[in-house]
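# Geometric and topological summary
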Protein chains: 4
Amino acid sequence: MTEFSLGLTGDINDIMNAHNLAMVALNARMQHEANYTDAELAKRGLRRLDIDPKNVEMGWVLDFAAQGLRNIMIGIGGKKDGFLMQSKFGIAVGSELMAILAVAKDLADMRERFKHIVVGYDRTGKRVTTSDLEVDGAMTAWMRNTINPTLCSTVEGQPCFVHAGPFANIAIGQSSIIADRIGLKCFDYHVTESGFAADIGFEKFWNVKARLGGLKPNVSVLVATVRALKMHGGGPTVVPGRCENMVHLINVIKKSGIKPVVCINAFYTDTPAEHALVKRIAEQAGARAAVSEHWLKGGDGALDLADAVMDACKEEVDFKFLYPLEMPLRQRVEKIAKEVYGADGVDWAPLAEEKAKKFEADPLYADYSTMMVKSHLSLSHEPTWKGVPKGWRLPIRDVLVYGGAKFLCPMAGAISLMPGTSSDPAYRRIDVDVKTGKVSGLF
Amino acid sequence: MTEFSLGLTGDINDIMNAHNLAMVALNARMQHEANYTDAELAKRGLRRLDIDPKNVEMGWVLDFAAQGLRNIMIGIGGKKDGFLMQSKFGIAVGSELMAILAVAKDLADMRERFKHIVVGYDRTGKRVTTSDLEVDGAMTAWMRNTINPTLCSTVEGQPCFVHAGPFANIAIGQSSIIADRIGLKCFDYHVTESGFAADIGFEKFWNVKARLGGLKPNVSVLVATVRALKMHGGGPTVVPGRCENMVHLINVIKKSGIKPVVCINAFYTDTPAEHALVKRIAEQAGARAAVSEHWLKGGDGALDLADAVMDACKEEVDFKFLYPLEMPLRQRVEKIAKEVYGADGVDWAPLAEEKAKKFEADPLYADYSTMMVKSHLSLSHEPTWKGVPKGWRLPIRDVLVYGGAKFLCPMAGAISLMPGTSSDPAYRRIDVDVKTGKVSGLF
Amino acid sequence: MTEFSLGLTGDINDIMNAHNLAMVALNARMQHEANYTDAELAKRGLRRLDIDPKNVEMGWVLDFAAQGLRNIMIGIGGKKDGFLMQSKFGIAVGSELMAILAVAKDLADMRERFKHIVVGYDRTGKRVTTSDLEVDGAMTAWMRNTINPTLCSTVEGQPCFVHAGPFANIAIGQSSIIADRIGLKCFDYHVTESGFAADIGFEKFWNVKARLGGLKPNVSVLVATVRALKMHGGGPTVVPGRCENMVHLINVIKKSGIKPVVCINAFYTDTPAEHALVKRIAEQAGARAAVSEHWLKGGDGALDLADAVMDACKEEVDFKFLYPLEMPLRQRVEKIAKEVYGADGVDWAPLAEEKAKKFEADPLYADYSTMMVKSHLSLSHEPTWKGVPKGWRLPIRDVLVYGGAKFLCPMAGAISLMPGTSSDPAYRRIDVDVKTGKVSGLF
Amino acid sequence: MTEFSLGLTGDINDIMNAHNLAMVALNARMQHEANYTDAELAKRGLRRLDIDPKNVEMGWVLDFAAQGLRNIMIGIGGKKDGFLMQSKFGIAVGSELMAILAVAKDLADMRERFKHIVVGYDRTGKRVTTSDLEVDGAMTAWMRNTINPTLCSTVEGQPCFVHAGPFANIAIGQSSIIADRIGLKCFDYHVTESGFAADIGFEKFWNVKARLGGLKPNVSVLVATVRALKMHGGGPTVVPGRCENMVHLINVIKKSGIKPVVCINAFYTDTPAEHALVKRIAEQAGARAAVSEHWLKGGDGALDLADAVMDACKEEVDFKFLYPLEMPLRQRVEKIAKEVYGADGVDWAPLAEEKAKKFEADPLYADYSTMMVKSHLSLSHEPTWKGVPKGWRLPIRDVLVYGGAKFLCPMAGAISLMPGTSSDPAYRRIDVDVKTGKVSGLF
């Protein structure tokens, strides 16, 4: 199963289009309010929302890594050419609509959530939402079909649901709660995926998704490759002291009360000695571990792992969250930074701290989840710091508000919601055989 | 059959995504060329294209009427935030990719055309294309499935193909040549649609599509409603002298040698006297005419019309183009303006004339089609001039280059490739019944 | 006397600073209105002006030819970083304040005019002026000393006033009315300068300055050089039929009833035969003419010219304006275009025509002067059309409003109020001898 | 003597114009390099500088507090409308040219420094200077006269020089070295002014100006007002423990070896007891102190202060800099932050630290002065922290390079080189009596 769990292009396009519809409505509304008097607005059944152009929360999305669209200026030109304002594009998977898809209970819940997406603030600082723009119904209409999980089958014929969003660094990065519920009803064991590494994927599964879904997991499978351990260990061989990143993540999982199982994802370049060493270190850290050759042998290669997981499922689980919902935002972030990332503390940029204080003081945000936005390439915010970095503090530069998903999203370090295209992008190698229609260069 | 012939959301999204991929590649390439030396570029297998940021031809597309995106500034920020440049968004149906879909013979032809889309020009004025960006293969891959027409059925069960592009004002506005060819192979009669009024839809069918497809049509059905004739006649009743717009269009069709048939599209508010009057005027102008009640009665209501069409098909056709391909661009536009729109002549803005001269002098453009961009709300460029405007000249403000479709597109008047959202947009009334999932407010 | 009649740097800087103060006030006011509620504004003694950011009339000025500042975007950043809007810079001599300096009667008149400078319009289309911004007093304070003409002496000791503005292409281009009045009181003959060629400099002297100053001139001296006549004649020698540009301008002067005197400004490369030919042609056209060698010999070289001027002054003058003030704007421009420039007519861009109609209908503009903005390098708007161009129409793309000077300024062709710096600018050659402090490279 | 030591409008305008000339040259050069090939450039005697538009150091200046010009976009439009880039305006007193004026030894030194002003960097990171733009000579020409100090007289007839730049928060904030040298030659005692508070004005006098001028000062007069001490003490009365800000600054001065003298600047609302208390505290801290009534009584009121200063001048001075030139940039800033401002340390933003490392590694910057940019309203970077703030770190967000002045300028906190206009600016109250020409509302 590919990382991009939204396999059907139609679905991500639905998210993109429904999301951008809100932005079209926002800019058009700002233009019309600028061009019309109160009386002229009233004639059209509109009241003046008086949106502050320098306090807009929402941006546009495209499903590309397009750094050129990160910071843009729109509405340039005459009075009919839209409202002049700074704006931004993010990648579609990072849309709040993807988060809503992942956490919504059903269509009614999704419809309700679509009312409360915060597009910006008015001059007095009051939230302006998608329902103020009267665009929440149309957005739901566009997303109506996406709420149904797509039932796929693996190449070996096992059933699996593909439903909602990858990229736990900038997004929720979890398969949907709806798909999990169906899975739990239909089968003895239900396996769900959390994107990227355990410091972000598992932390959001643990404190956001499990809490919202009311589900109690038994086991967490941590996938380890010898190659990754080498990279995080800083050198070309795996040595006992160099698996500290894996050990750190095993300990994170143990804090939740869930049983950790390390899946040693075998590559053909690995040696049995390396596998044995990793297994021993994982077990010493308190985890089960199994070598899995699914890449080479499919399901048959994963039988040992399956045994380890089923064995772990038999254990009692004392599942507990990292923090109670009552904990104020900045304390939550401090706890995540210290206990999950291994930071010494958190440094808030002035703007971010100002926002955080406002959210802590406002009962509207009391039951909001905390969804971290952080690099997946390091336990820290700095992608080049490998292993288990020591003696650093987590910088928070901003906090985004997802009013429909009910998320507050602290932004750590320089990470952007719109990734960049490298100077050697994959599209250079993709082509089509015009005789057969076959696409080449995707892998 | 709805006006929006691209019924499947997936298709227009494929066009949008494939199109925007070129823009992502363009801006990323410009950024990388700005940040890297020739040697660093060479290491990545890239040569410096040296694209002129003030001479970029292509813009982004979204499938919305978003006036706020007409004129934008992108790449604001630091060196990793893309290349700073003026840019623009158009509506997705107006994409050159839609035009290519409509005129491509097959996948190989589409693949070839995707090489030559002009994204901009280098510092010396030389064209930079999608193949220079090495993105033409990936664009084709994204569009691979769209080349197959979608076979739909009407509510009465007749087969119809839905394939390619509406909006003959800003786009090609024709059903695809591929779909026509299949239709012609399968059935006795093949009916294809041209968007909007005969001055733009039929003119493009006649001089662009029929020429490119090598097809010889027999009959052109002109759809007339009493309501439209009233509007173009300037008042609340249809009187003899007021059907001049219809008569003008009948005469346009006659110039092509194709036989005109007027379909009087009956509405429940029309009177038999009105129908009779319109029929008489049409026949006096040299057309067959039939009242069609398909809106009320379905296929049964259109039997008279079908008889008239079949009858017309029996006549000899002396099909001839309005202008030969050898005619230079400005003469072609002059001919279209005078003979189809009824203008006294053409006024070229300095920029547009400079471009036109360049194209006329360059053999590269010798076999390019001329695809007018003009309002569909008037025979002229000015939407409010109804009937058959007299004593006016057609202003051409720019000429776009579609190197893959091989179109030169003169832009008449103030028309924009990105329409605007009104102050009372339809999305305000769209909603979903969360119990049934039914969408309301679409019509 | 140099072309730059504002010899004292201090003066042009005062104009620049006083002008830009209005722009500072404008943007700051827009920011504060965006950030404060009505009540908060009232506390500061401010009412909401509600300026339309897409309908701002005024731009900034700098005393440079800086094409990079023609079209700018300002106020980018956070809420304290000003109001985001499109803006523009012009060259300081083109400032409305320069025009006011040239036409003001005295300090009280200047103070009054500074109240009415139009900075922009509110949402309902009402003018917003410098007095609405409460910045008119401070602007006057900054300009207080500039109202006094600077009395200079020529290198031969004759007194001359240097007061107000060059560049009749983009500005008023006349020495001030105040300086003229002093000159007329003190001396037997008063000579005043009009910038650039007679089609713009003289036309503004005739219909704008003479009307506003209530002065009746006797003679107009037209300066001709053999070099310029060659250029306008299209070749390297002066031949009879090639002085048509000079003849055209003599005829323009004759329409005003003022007596024309041609000053043949002798250069050392000219031949006596050339001088004689020009003299004969000028006289045949109905002008006096004299060869003047002031460049070589100073005042002594201009004695013949002085005699010719004094002789002309003895004639009766039947001074009459080209058009009465009652003539509507578009008719005035048509008259100037045809009778002064030799055009076949005027083409108004839609925006410009819309504005012109508004001004014609509004009694507020009834006594406004018409100040053309047009290239000085041709009788037409197109700098490369030399001699007396035939068969062309004058395109007007915009009309500027100078509410303090009471000017409506039609903009002809592509001319910009901010010239550009060439690729070989004079500053490359300017330097200072650090021992003597002497500046080199100015000429 | 007013705080604005550049009393003559002409002078600051010269700085503004000479400064902006460099920006005109920069943008025009970038445009021409974009539009011309290497061969075309060579024909004009130009080599390609290849300036990186996203790494431009220099901005424009105006002599206004114009927040709307802080962050701008210029060069919008066609190919002739300049080079599109992000740019910025600062206030003219903060210009590097003002700094050069303050530290230049003579015209030759100024000419030399004008060669090295860094306008930006090329694609490879190499500095591009005013001499690369060939604009350094013209800039010197414009500034030629400003190098001569203006000799003014006080209202009591004492001579004083007014020469160079106020605002020690964002600029050098010192009277010029040239004026000091003249003063030292002419009189027994020479008093020079440092702008704003001792933490910035004195620190720059001490470590920048005295070092560059090779001058050894004897005494530093610290001006204290009861009102300011109250404000920094946090309440309405002056009490012993509340003069800690003054005591802190006395201690700063003592670190330099210069003798501190406190001038208690008497106001009519002060009580003798308050004066006595401040005097006692100052003396306990090791300073001389005298009450001065110069505001009320002119020079006579300052006799006690003069005695104290003359008395202090007799003492031996062991003048030493806070840091040697050999100390690397970041250590210097750390030392200033801790020993002068009382910070716990320094936090470098990633961008600033990256720059600092580069400067430390490059011998080009070995003899550069360190000129801090910091709020004058607090010892810290945060204007609202009064008294002697404890437990804080100094954030450095950027480091500017002044290649002509040879300054590296660390930017502390949110301070901007372009201040803002408040919502109740002074210009609202300024006016001119049109009968007398008198200006009112300036004070």
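The shown structure was predicted, so the numbers you read here are calculated from the model rather than taken from an experiment.

Another aspect to go through is the interface of chain B and chain A. The figure often quoted for interface size is the accessible area lost as the parts come together. At the interface, 62 residues of chain B touch 62 residues of chain A. The largest per-residue losses of area from chain B upon contact with chain A belong to Phe64, Tyr427 and Arg428 of chain B, which jointly make up 14% of the total buried on that side. Between chain B and chain A we count 6 salt bridges in total. Residue Asp81 of chain B is joined to Arg70 of chain A by a salt bridge in which the shortest nitrogen-to-oxygen separation is 2.8 Å. Our count for the chain B to chain A interface comes out at 29 residue pairs in polar contact (both at pLDDT 80 or more). Listed by contribution, the elements that provide at least two residues to the side of chain B that touches chain A are helix H1 (9-35), strand E2 (60-62), strand E3 (72-74), helix H4 (107-113), helix H5 (136-143) and strand E17 (431-432) of chain B. It is H1 of chain B that contributes the most residues to the side of chain B that touches chain A, 13 residues altogether. By residue class, the composition of the side of chain B that touches chain A is 30 nonpolar, 20 polar and 12 charged.

Going through the model one piece at a time under the given rule, you end up with 46 aromatic pairs over all chains. Lying over the aromatic face of Tyr341 of chain A, Lys374 of chain A brings its terminal NZ or CZ to 4.6 Å of the ring centre.

Further remarks concern the nonpolar core. The biggest cluster of nonpolar side chains holds 142 residues, and the ones touching the most others in it are Met110, Met139 and Phe407 of chain C together with Met110, Met139 and Phe407 of chain D. Membership of the second largest hydrophobic core comes to 141 residues, among which are Ile172, Cys409 and Tyr427 of chain A together with Ala66 of chain B.

We now examine the relation of the copies chain A and chain C. Its rotation angle being 180 degrees, the transformation that places chain A on chain C also includes 0.1 Å of axial translation and leaves an RMSD of 0.1 Å. In short, the pair behaves as if placed about a two-fold rotation axis. Minimal C-alpha separation from the rotation axis in chain A is found for Leu84 of chain A, amounting to 3.8 Å. When the interface residues of chain A are mapped onto chain C, 100% of them again fall at the interface, so both copies present the same face.

Turning our attention to the domain arrangement of chain A. All names here are of chain A. Split into domains, chain A comes out as domain 1 (2-145), domain 2 (219-309) and domain 3 (340-412). Summarising the inter-unit geometry, the C-alpha centres of domain 2 and domain 3 are found 29 Å apart. Each partner contributes to the interface: domain 2 provides 7 residues, whereas domain 3 provides 8 residues. Buried area between domain 2 and domain 3, summed over both chains or domains, comes out near 650 Å², and the portion from carbon and sulfur atoms is 66%. Taken together, the links from domain 2 to domain 3 amount to 0 salt bridges. Of all the elements in the fold, those that place two or more residues in the side of domain 2 that touches domain 3 are helix H8 (226-233) and helix H9 (244-255).

Before going further, it helps to examine the interface of chain A and chain C. Each side of the interface is counted separately: chain A has 17 residues, and chain C has 17 residues. With both sides pooled, the region where chain A packs onto chain C buries about 1400 Å², and carbon together with sulfur makes up 55% of that total. Our count for the chain A to chain C interface comes out at 2 salt bridges. A salt bridge links Asp52 of chain C to Lys79 of chain A, with the nearest nitrogen and oxygen atoms 2.7 Å apart. Inspection of the region where chain A meets chain C yields 14 residue pairs in polar contact (both at pLDDT 80 or more). For the side of chain A that touches chain C, the secondary structure elements donating two or more residues are strand E1 (51-56) and strand E4 (85-87) of chain A.

Of the transformation placing chain B onto chain A, the axial shift is 0.1 Å and the rotation is 180 degrees, giving an RMSD of 0.1 Å. Residue by residue, 100% of the interface of chain B is reproduced at the interface of chain A, so both copies engage with the same surface.

This part takes up the pairing of strand E12 (residues 288-292) of chain C. Residues and elements named next belong to chain C. In terms of strand pairing, strand E11 (residues 259-265) meets E12 through 5 bridges, oriented parallel. Across the sheet, Val262 pairs through a bridge with Ala289, a residue of E12. The handedness of the E11 to E12 crossover, carried by helix H10 (residues 272-284), is right-handed.

Right, let's talk about empty space enclosed by the protein for a bit. In this approach a probe as big as a water molecule rolls over the atoms, and the regions it shows empty are the leftover space. Scanning the model with the defined rule gives 9 cavities of 30 Å³ or more in all. Looking at the largest cavity, its volume works out to about 270 Å³. Residue assignment for the lining of the largest cavity shows that the elements contributing at least two residues are H1, strand E1 (51-56) and strand E4 (85-87) of chain B together with helix H1 (9-35), strand E1 (51-56) and strand E4 (85-87) of chain D. A class-by-class count of the residues in the lining of the largest cavity yields 10 nonpolar, 8 polar and 8 charged.

Another aspect to go through is the environment of Glu293 of chain C. Residue and element names in this part refer to chain C. Secondary-structure assignment places Glu293 in the loop between E12 and helix H11 (294-297). Note on Glu293: relative accessible area 30%, which makes it partly exposed. Discounting chain neighbours no more than four positions away, the residues touching Glu293 are Ala266, Gly298 and Gly301.

Another aspect to go through is the pattern of salt bridges. The full count for this structure, using the stated rule, is 116 salt bridges over all chains. A salt bridge links Glu339 of chain D to Lys255 of chain D; the nearest nitrogen and oxygen atoms lie 3.7 Å apart. Taken together, the residues Glu339 of chain D in helix H13 (residues 329-341) and Lys255 of chain D in helix H9 (residues 244-255) connect sequence positions 84 residues apart. By relative accessible area, Glu339 of chain D is classed as partly exposed at 28%. Each of Glu134 of chain A together with Asp424, Arg428 and Arg429 of chain B takes part in salt bridges that share partners, so that together they form one network.

Cut-off values and rules
- Residues numbered from 1 in each chain as written.
- Chains lettered and ligands numbered in written order.
- Predicted model: local features only at pLDDT ≥ 70, side-chain atom pairs only at ≥ 80, totals over all residues.
- Heavy atoms only, no water.
- Contact = heavy atoms within 4.5 Å.
- Buried area = accessible area lost by both parts, 1.4 Å probe.
- Salt bridge = Lys/Arg side-chain N within 4 Å of Asp/Glu carboxyl O.
- Polar contact = N/O pair within 3.5 Å; in protein donor to acceptor, adjacent residues only side chain to side chain.
- Helix = DSSP H or I, 4+ residues; strand = E, 2+ residues; numbered from the N terminus.
- Nonpolar A, V, L, I, M, F, W, Y, C, P; charged D, E, K, R; others polar.
- Phe/Tyr/Trp six-rings, centres within 6.5 Å; stacked < 30°, edge-to-face > 60°.
- Lys NZ or Arg CZ within 6 Å of the ring centre and 35° of its normal.
- Core = buried A, V, L, I, M, F, W, Y, C linked by side-chain atoms within 4.5 Å.
- Buried < 20%, exposed > 50% of the residue type's maximum accessible area, 1.4 Å probe, protein only.
- Least-squares fit on C-alpha atoms with pLDDT ≥ 70 in both.
- Domains from an automatic or database assignment.
- Pairing = 2+ DSSP bridges.
- Right-handed = clockwise from strand over helix to strand, strands pointing away.
- 1 Å grid on protein atoms, 1.4 Å probe; cavity = no way out; pocket = protein on both sides within 12 Å on 5 of 7 lines; lining within 4 Å.
- Points joined across faces, edges and corners; volume = space filled by probe spheres on them.

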